[in-house]
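# Summary of structural features
The residues making up each chain are set out below.
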Amino acid sequence: MQYCKRCVMPDTKPGVKLDSEGICQACCAYERRKNVDWKARWIELEKLCDKYRRDDGYYDCIITVSGGKDSYFQVYVIKELMGMNPLLVSAASIFTSTETGRRNFNNMSDAFGCDILSFNLNLDLARKMTRIGFEEKGFGAMPMDLIIYVFPIRVAINYNIPLVIWGENVSYEYGGVQKGETYSAKDQIYNTVATPIDLKYWEKKGISKKDLNSLVYPTKEEIEKAKLDPVYLSYFVPWDGHHNYQIAKKYGFRDITHEWKREGYIEDYDQVDTIGYLINAWLKYPKFGFHRATDVACYWIRSRKITREEGIKFVKEHDHKLDQKMLDDWLAFTGYTNKEFWDIVEKFWNRDIFEKSDGLWKLKDPVWKRESIEPELKTLVST
Ligand SMILES: [Zn+2]
């Protein structure tokens, strides 16, 4: 397990490869931003919007949303700055929503004056699939990850709205299996965040084609025929979650500070809409040796909000923590007991990077043991 020398991302993350200098792709991509002509890309976005702008009153485009800070930012750019008439499309969480999340979701429609089309997945099916995905692959929310990618594309085809605005290209921005930078999100489904449904696999598990109807990604032919043009907004504007949060707040978005202090988290404004879903992120810890504190510390180091040494301190203090409220909500939905959960997780601890001592799994060679850490944690980002 090697860590990027610039941020704190380990090379155990799927798709991450450090270059000859020991730097990860996400850091290299961030550095390349300096050479991008953002003004020219903004003009490209204007041209793209003009291409799809309609004068008959129908929706010009779809924006995929969750109600989070990035959703607010997407709507802000597309509706407020580009003057488009978007339809917002969302897949409801299969887990309990936070109060803050419900409020942010409703407020988004109100603050921007937009219609939202939302899909509720069959919960019985979602539970079965979540349990199978967890037991076999250590995933925490397999059907949820899929429906987020599939539903907006289905809507785009069925409603005949070719332009679909996604947020960031996660593979390019944060490091993943897809290397190149492209404005088109046509291949997003293959970025391994969600994997296209394998009907034969699920049929063997007793789940029929009929049950899976909503989760089947449209074929390339269907997408071509509908002339879909799904795009990443992060190609056109430099993506910064913290900046998006600042914009979102101006439109009434609230962070979760007053509702819930999430263990293992170093910020209060990202993924604040749902509770049990976040187990999905924690499951990266036993499998790959990192969790949200690493992710967020990496964003902040790259954008110079904190030093690498400060990031390492955050990772040491928070990355291993699993919030009990998250776990309780996830268990309530899936039906496992605490013990059953930990018994299943036991097989996913990556033996190459963890060792067991006194009954607990610990990283053999964590980043903070390799590097010197500055004694004082400097001031954190202002909110
Ligand atoms: Zn890096």
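Owing to the predicted nature of the structure, the values given are computational and were not obtained by experimental measurement.

### Observations regarding the overall build of the chain
Helix and strand counts for the chain stand at 17 helices and 7 strands. A compact globule built from 383 residues would reach a C-alpha radius of gyration of about 21 Å, and the chain, at 21 Å, matches this within 12%. When the backbone C-alpha atoms are referred to their principal axes, the chain occupies close to 70 × 50 × 40 Å. Within the chain, contacts between residues separated by at least 24 positions form 75% of all contacts whose residues are at least 6 apart in sequence.

### A closer look at the sheet that holds strand β4 (residues 163–166)
An order of β3-β2-β1-β4-β5 is seen for the 5 strands of this open sheet, with the pairing classed as parallel. Only two strands of the sheet have a single partner each, and these edge strands are β3 (115–119) and β5 (229–232). Neighbour-to-neighbour, the strand axes of the sheet open up by a mean angle of 25°, direction not taken into account. Pairing geometry for β4 and β5, over 4 bridges, is parallel. Bridge assignment links I165 to a residue of β5, and that residue is V231.

### Let's talk about the pairing of β4
Taking every second residue as pointing to the same face, both faces of β4 are buried, with L163 and I165 on one and V164 and W166 on the other. For strand β1 (residues 61–64) and β4, the ladder comprises 2 bridges, and the chain directions are parallel. The partner of I62 across the bridge, within β4, is V164.

### Looking at the environment of G138
Mapping G138 onto the fold places it in the loop between α5 (123–137) and α6 (142–158). Distance in space between the C-alpha atoms of G138 and I344 is 8.3 Å, their sequence separation being 206 residues. Ignoring anything within four residues of it in the chain, the contact list for G138 reads L283, K287 and F348.

### A closer look at the domain arrangement of the chain
For the chain, the domain assignment lists domain 1 (36–235) and domain 2 (262–370). Here the C-alpha centre of domain 2 lies 25 Å away from the C-alpha centre of domain 1. With 24 residues of domain 1 at the contact, the number on the domain 2 side is 20 residues. The element best represented in the side of domain 1 that touches domain 2 is α5, accounting for 5 residues. For the side of domain 1 that touches domain 2, a count of residues per class yields 7 nonpolar, 13 polar and 4 charged.

### A word on unusual backbone geometry
You will see that K227, though not glycine, has its phi angle at about 55°, which is positive. By secondary structure assignment, the location of K227 is in the loop between α9 (220–225) and β5. In this structure, R304 takes a positive phi of about 60° despite not being glycine. You can see R304 is positioned in the loop between α13 (292–302) and α14 (308–318). On the neighbour-count criterion, R304 (8 C-beta atoms within 10 Å) is exposed.

### Overview of α6
The first and last C-alpha atoms of α6 sit 24 Å apart over 17 residues, in line with the 24 Å expected at 1.5 Å per residue. By the largest-angle criterion, I148 marks the main kink of α6, which is about 30°, and a proline, P152, follows within four residues. Taken together, the buried positions of α6 are occupied by M142, P143, M144, L146, I147, Y149, V150, F151, P152, I153 and A156. Buried residues in α6 make contact with β1, β2 (86–91), β3, α5, β4 and β5. Taken from the residues just after α6, N160 is the one with a positive phi, measuring 60°.

### What to know about the packing of helix α3 (residues 69–81) against helix α10 (residues 241–250)
Two numbers describe how α3 lies on α10: the axes approach to 8 Å, and their chain directions differ by 70°. Looking at the two axes, α3 sits roughly perpendicular to α10. When α3 is examined against α10, the residues K69, D70, Y72, F73 and Y76 are found in contact with a partner set consisting of G241, N244, Y245, I247 and A248. When the residues that make up the contact of α3 with α10 are grouped by side-chain class, the tally is 6 nonpolar, 2 polar and 2 charged.

### Section: the nonpolar core
Looking at soluble globular proteins, one finds that nonpolar side chains tend to be buried together. The biggest cluster of nonpolar side chains holds 67 residues, and the ones touching the most others in it are C61, I62, I63, V164 and I165. Take this core: its biggest share by element is 9 residues, from α6. Mapped onto the domain boundaries, this core takes at least three residues apiece from domain 1 (36–235) and domain 2 (262–370). Excluding residues within four positions of it along the chain, I63 makes contact with Q74, V75, I78, P86, L88 and I165. Core analysis: the second largest hydrophobic core is formed by 25 residues, Y3, C4, Y30 and I301 among them.

### Things to note about the confidence of the model for the chain
Here the chain shows a mean pLDDT of 93. Residues at 70 or above account for 95%. Every residue in residues 373–383 is under pLDDT 50, and counting partners more than four places away or in other chains gives 13 contacts.

### Points about α3
Given a rise of 1.5 Å per residue, 13 residues ought to cover 18 Å, and the 17 Å separating the end C-alpha atoms of α3 matches this to within 8%. Burial in α3 covers these residues: K69, D70, S71, Y72, F73, Q74, V75, V77 and I78. Here the buried face of α3 lies against β1, β2, α4 (99–112), β4 and α10. Following α3 by one or two positions, G83 adopts a phi angle in the positive range, close to 70°.

Rules behind the numbers
- Residues numbered from 1 in each chain as written.
- Predicted model: local features only at pLDDT ≥ 70, side-chain atom pairs only at ≥ 80, totals over all residues.
- Helix = DSSP H or I, 4+ residues; strand = E, 2+ residues; numbered from the N terminus.
- Rg over C-alpha atoms; globule rule 2.2 N^0.38 Å.
- Contact = placed C-beta atoms within 7 Å.
- Pairing = 2+ DSSP bridges.
- Axes fitted to C-alpha atoms, helices over the stretch in contact; angles between N-to-C directions.
- Buried ≥ 20, exposed ≤ 12 C-beta atoms within 10 Å, placed from the backbone.
- Domains from an automatic or database assignment.
- Nonpolar A, V, L, I, M, F, W, Y, C, P; charged D, E, K, R; others polar.
- Expected span 1.5 Å × (residues − 1).
- Bend = angle between axes of the 7 residues up to and from the residue.
- Parallel < 35°, antiparallel > 145°, perpendicular 65-115°, else oblique.
- Core = buried A, V, L, I, M, F, W, Y, C linked by C-beta atoms within 7 Å.
- pLDDT = per-residue confidence, 0-100.

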